[in-house]
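As a plain string of letters, each chain reads:
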Amino acid sequence: MQKKSKQGTHGIKTAAALFAALSALIGAAFLWTGNFLFNFALNPKAGFTMKRFLNGDTDRESAERVWYRKHRKSVFIKGEDGLRLYGWNLRQAGHRYAILCHGYGGEPEEMAPYANKFYHMGYSVLTPAAQAHERSDGKYYGMGWKERRHVVRWAESIAAADADAEIVLFGLSMGAATVMMAAGETLPDNVKCIIEDCGYSSVLEEFAVRLSYMVPVLNTPLLFLTDKLCRIRAGYGFSEASAAEQLKKAKLPMLFIHGEQDTFVPYAMLDLVYDACASKEKEKLSIPDAEHARAAMTNPKLYWGSIENFLERYVR
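These remarks concern the structure in this document. (Residues numbered from 1 in each chain as written. Predicted model: local features only at pLDDT ≥ 70, side-chain atom pairs only at ≥ 80, totals over all residues. Heavy atoms only, no water.)

### So, the side chain of Thr49
Defined as follows: Segments assigned H or I by DSSP are reported as helices when at least four residues long, segments assigned E as strands when at least two residues long, and all are numbered from the N terminus. Exposure is judged per residue with a 1.4 Å probe applied to protein chains only, and the accessible area is read against the type maximum: over 50% gives exposed, under 20% gives buried, and values in between give partly exposed. Throughout, a residue-residue contact means that at least one pair of heavy atoms, one from each residue, lies within 4.5 Å.
Tracing the chain through its elements places Thr49 in the loop between helix H1 (2–42) and helix H2 (63–71). Classification of Thr49 by relative accessible area gives buried; the value is 11%. Discounting residues that sit within four places of it in the chain, Thr49 has contacts with Asn39, Phe40, Asn43 and Pro44.

Now the structure itself:
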């Protein structure tokens, strides 16, 4: 009986050791996957990134890009976080200014068609590079949350140089989330209105959408783990990086634009951000048949006509 008891104890210990080893292996695999997803989404220097799968504007010799490169001048500021932030300025006479924020994984030059339109509406144009994009400092993408304070700083720099400046904030995709998040900050009185095109309601909700496509199984715990890694490595969490929450503090007139065929930032997010916005003066514009960040190209007459009508009410 004593011998059997020892064998039983040994069997239990062996099973416990195997279970512990298996748990450690699963935990290590889970952590590796979380780190992979963090780097995939937010580390521009990773070997394998989400940016590689995005279809951006690849026509680098379009008339607008050639025009943009010919007229732009380099500018920079230092952010409150110490980052050196670069942008391109297209200056002209007058006191109208537009700050145009590009999308995820992009660069200021991708905003050339928008810069051209605003410039010919009589605006000096500033196209800043988000942190960790193009020439700007930064190790990881800020997804608009870090950049919201950078936009405030850019607006302050314009106001300091021109006390009569009237500034419009405009953003596309991640840039749209950026200007919506900036709407909840204390902006200079010179900022008169904000226009966002296809921005997400929060980083948490956008990544949840992306993970549901990429990792159909275990996407919720992986999202939780990646959020924790982001807090440790990048200094912010997905849930706090919320355009919808920031918009609850918004006071400026706002125009919300979204393409009805957008699946990258789902069209349903238009109502989420519009309804969250506390501004007394707000409008929304849906562009039929437009996919993500393609609203201006899909129906330029409706798109730019609506923007011009909106701007006429708030900018002299």
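### Some remarks on the sheet that holds strand S8 (residues 282–287)
How we decide: Strands are treated as partners if at least two bridges between them are detected by DSSP. Whenever a helix is involved, its axis is fitted only over the stretch in contact; in every case the axis is a line through C-alpha atoms, and angles between N-to-C directions fall within 0 to 180 degrees.
With respect to topology, eight strands assemble into an open sheet ordered S1-S2-S4-S3-S5-S6-S7-S8, the strand pairing being mixed. The two strands at the open ends of the sheet, each matched to only one other strand, are strand S1 (73–78) and S8. Adjacent strand axes in the sheet meet at a mean angle of 20° when their direction is disregarded. Examined bridge by bridge, strand S7 (residues 254–259) and S8 share six bridges and lie parallel to one another.

### Some remarks on the pairing of strand S2 (residues 84–90)
Counted residue by residue, S2 has five buried out of seven residues, so it is predominantly covered. Relative to S2, S1 runs antiparallel, the two being bridged by six bridges. Across the sheet, the residue bridging to Lys78 is Arg84, located in S2. Where S1 folds back onto S2 in an antiparallel hairpin, the turn is made up of five residues, including Gly82, whose phi is positive at roughly 90°. Relative to strand S4 (residues 124–128), S2 runs antiparallel, the two sharing four bridges. In the sheet register, Gly87 faces S4, and the bridge partner there is Pro128.

### Digging into the layout of surface pockets
Our working definition: Grid points spaced at 1 Å and placed over the protein atoms alone form the basis of the search, with a cavity being a set where a 1.4 Å probe fits but cannot get out and a pocket an open set showing protein on both sides within 12 Å along at least five of seven lines. Lining residues have an atom within 4 Å of a point. Grid points are joined across faces, edges and corners, and a volume is the space filled by probe spheres set on the points. Gly falls in the polar group here, along with every residue not listed as nonpolar (Ala, Val, Leu, Ile, Met, Phe, Trp, Tyr, Cys, Pro) or charged (Asp, Glu, Lys, Arg).
Roughly 190 Å³ of internal volume is contained in the second largest pocket. In terms of lining residues, the second largest pocket is bounded by 15 residues, among which Asn89, Tyr97, Leu126, Ser157 and Ile158 are the most central. When contributions to the lining of the second largest pocket are tallied by element, the ones reaching two or more residues are S1, strand S3 (96–101), S4 and helix H4 (145–161). Per-element tally for the lining of the second largest pocket: the top contributor is H4, with four residues. For the lining of the second largest pocket, the class distribution of residues is ten nonpolar, three polar and two charged.

### Focus: the packing of aromatic side chains
Aromatic rings in a pair are described by how distant their centres are and how their planes are angled relative to each other. What counts, and what does not: In summary, the pairing rule links any two rings of Phe, Tyr or Trp, Trp by its six-membered ring, whose centres are within 6.5 Å, and it sorts them by plane angle into stacked for under 30 degrees, edge-to-face for over 60 and tilted for everything else. For a ring to carry a charge above it, either NZ of a lysine or CZ of an arginine must fall within 6 Å of the ring centroid while also lying within 35 degrees of the normal to the ring plane.
This model, assessed by the stated rule, comprises 15 aromatic pairs. Judged by centre distance (5.9 Å) and plane angle (20°), the rings of Phe36 and Phe40 are stacked. Here Phe36 pairs with Phe40, and both are found in helix H1, just four residues apart, close to one helical turn. By relative accessible area, which is 30% here, Phe36 ends up partly exposed. By relative accessible area, which is 8% here, Phe40 ends up buried. In textbook terms, an aromatic cluster arises when at least three aromatic residues are bridged by ring pairs, as seen for Tyr114, Phe118, Tyr123, Phe170, Tyr303 and Trp304. One cation-aromatic arrangement involves Arg84 over Phe76; the distance from NZ or CZ to the ring centre is 3.7 Å.

### Focus on the packing of helix H3 (residues 112–120) against helix H11 (residues 300–314)
When two helices pack together, their arrangement is given by the angle between the helix axes and by the axis-to-axis distance. Basically, it comes down to this: Reported orientations rely on four angle classes, namely roughly parallel under 35 degrees, roughly antiparallel over 145, roughly perpendicular from 65 to 115, and oblique for the rest. Two helices cross in a left-handed way if the nearer one is turned anticlockwise from the farther one by less than a right angle. They cross in a right-handed way if the turn is clockwise.
Here H3 crosses H11 at 45°, and the two axes come no closer than 12 Å. Our classification of the angle between H3 and H11 gives oblique. Pair H3 / H11 crosses with right-handed handedness. Contacts between H3 and H11 involve Tyr114, Lys117 and Phe118 on the former and, on the latter, Tyr303, Trp304, Ile307 and Leu311. Considered class by class, the residues forming the contact of H3 with H11 number six nonpolar, no polar and one charged.

### Topic: helix H6 (residues 203–214)
The line we're drawing: Multiplying one less than the number of residues by 1.5 Å gives the expected span of a helix.
Compared with the 16 Å implied by 1.5 Å per residue over twelve residues, the 16 Å span of H6 between its first and last C-alpha is a close match. By the burial criterion, the buried members of H6 are Val203, Glu206, Phe207, Val209, Arg210 and Leu211.

### Comments concerning the pattern of salt bridges
Put simply, the test is: Any carboxyl oxygen of Asp or Glu within 4 Å of a side-chain nitrogen of Lys or Arg constitutes a salt bridge here.
This model, assessed by the stated rule, comprises 14 salt bridges. Across the pair Arg316 and Glu166 runs a salt bridge whose closest N-O atoms are separated by 2.7 Å. In this pair, Arg316 is assigned in the segment after H11 and Glu166 in strand S5 (residues 166–172), connecting sequence segments 150 residues apart. Asp227 is paired through a salt bridge with Arg231; the nearest N and O atoms lie 3.3 Å apart. With Asp227 and Arg231 both in helix H7 (residues 219–233) and four residues apart, the pair spans about one turn of that helix. The network of salt bridges with common partners includes Arg65, Arg69, Arg72 and Glu109.

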